[in-house]
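# Results of the structural survey
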Amino acid sequence: MNNKEAMRAYFEQLPVYTPVFRSTVDRVLQAVDESIVKKKGQVVEELTLHNKDFWYLKSGFLKEMYKSPMKKRDTLFNLIPPQSIFVNEDALFNTAYSLHYYLTYSEVEFIRFKYEDFEQIKKEYPLLQLLYLSGMAEIQKNRRSRLLMLRMRNTLDRVEWVKQERPELYKSMDRVTLAQYIGVSRAGLYRAFEKSNKHQF
């Protein structure tokens, strides 16, 4: 699947999408950049503090890391699966300092939709704003559901939630990343598996 086909498929699965959006999507696809490919373990340098562009993760998994001023180690803020739109958190909320950065969890391929193009196309095709709001709503819905998972007291219940609700992530995570994603220490995850006699996940 080429870049335009992949992004069209993303837009068409949004809850708000109907055929009336087709010309708007066509115009967006004319403006998207070529793919950017990164190897596993690389920091995505394109996502700087003031970058307001939209990004479509075509393949691979991306870690969104948080630089906590209260902790010595950076923490996992989010794990972004393929076929997802994402934005730079710092630019989105106009933070003065860079608190987030993106680290490739596997080899990734992503596509840029420049903020300047978004603003221009929105003037020509006002329906783009509805696609934007729908896409942001999906991002927030996924985040809220994870926050509800983090309120679960039992570690294995959290693991089961990831297995059922985020199977594409679950199948790709090592134990360290799984522990970070569900908000427990690696030792705590190991103890939970040992107590339940579940040595594999």
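Rules used in this analysis
Residues numbered from 1 in each chain as written. Predicted model: local features only at pLDDT ≥ 70, side-chain atom pairs only at ≥ 80, totals over all residues. Heavy atoms only, no water. Axes fitted to C-alpha atoms, helices over the stretch in contact; angles between N-to-C directions. Helix = DSSP H or I, 4+ residues; strand = E, 2+ residues; numbered from the N terminus. Left-handed = near helix turned anticlockwise from the far one by under 90°. Contact = heavy atoms within 4.5 Å. Nonpolar A, V, L, I, M, F, W, Y, C, P; charged D, E, K, R; others polar. Pairing = 2+ DSSP bridges. 1 Å grid on protein atoms, 1.4 Å probe; cavity = no way out; pocket = protein on both sides within 12 Å on 5 of 7 lines; lining within 4 Å. Points joined across faces, edges and corners; volume = space filled by probe spheres on them. Buried < 20%, exposed > 50% of the residue type's maximum accessible area, 1.4 Å probe, protein only.

This brings us to the packing of helix α1 (residues 3-12) against helix α2 (residues 22-31). Where α1 contacts α2, the axes come no closer than 10 Å and their chain directions differ by 145 degrees. Here α1 and α2 pass one another in a crossing that is right-handed. Contacts between α1 and α2 involve K4, M7, R8 and F11 on the former and, on the latter, R22, V25, D26, V28, L29 and Q30. Among the residues making up the contact of α1 with α2, the classes are represented as 5 nonpolar, 1 polar and 4 charged.

Right, let's talk about the sheet that holds strand β7 (residues 108-113) for a bit. Pairing is antiparallel in the open sheet, where 4 strands are placed in the order β1-β7-β2-β5. The sheet is open, and its two edges are formed by β1 (35-38) and β5 (84-87), each paired on a single side. Adjacent strand axes in the sheet meet at a mean angle of 35 degrees, parallel and antiparallel pairs treated alike. In terms of strand pairing, strand β2 (residues 54-59) meets β7 through 5 bridges, oriented antiparallel. Bridge assignment links W55 to a residue of β7, and that residue is R112. Strands in contact with α1 are β1, β2, β5 and β7; relative to β2, the strand with the most contacts, it is inclined by about 110 degrees.

Over the atoms, a rolling probe the size of a water molecule traces out where space has been left empty. Tallied over the entire structure, the rule returns 1 cavity of 30 Å³ or more. Within this model, the largest cavity holds a volume of roughly 160 Å³. Counting only elements with at least two residues in the lining of the largest cavity, the list comes to α1 and α5 (128-150).

The next point concerns unusual backbone geometry. Even without a glycine there, the phi angle at Q83 is positive, about 60 degrees. Relative to the helices and strands, Q83 is located in the loop between β4 (75-80) and β5. Taking the relative accessible area as the measure of exposure, Q83 reaches 49% and is therefore partly exposed.

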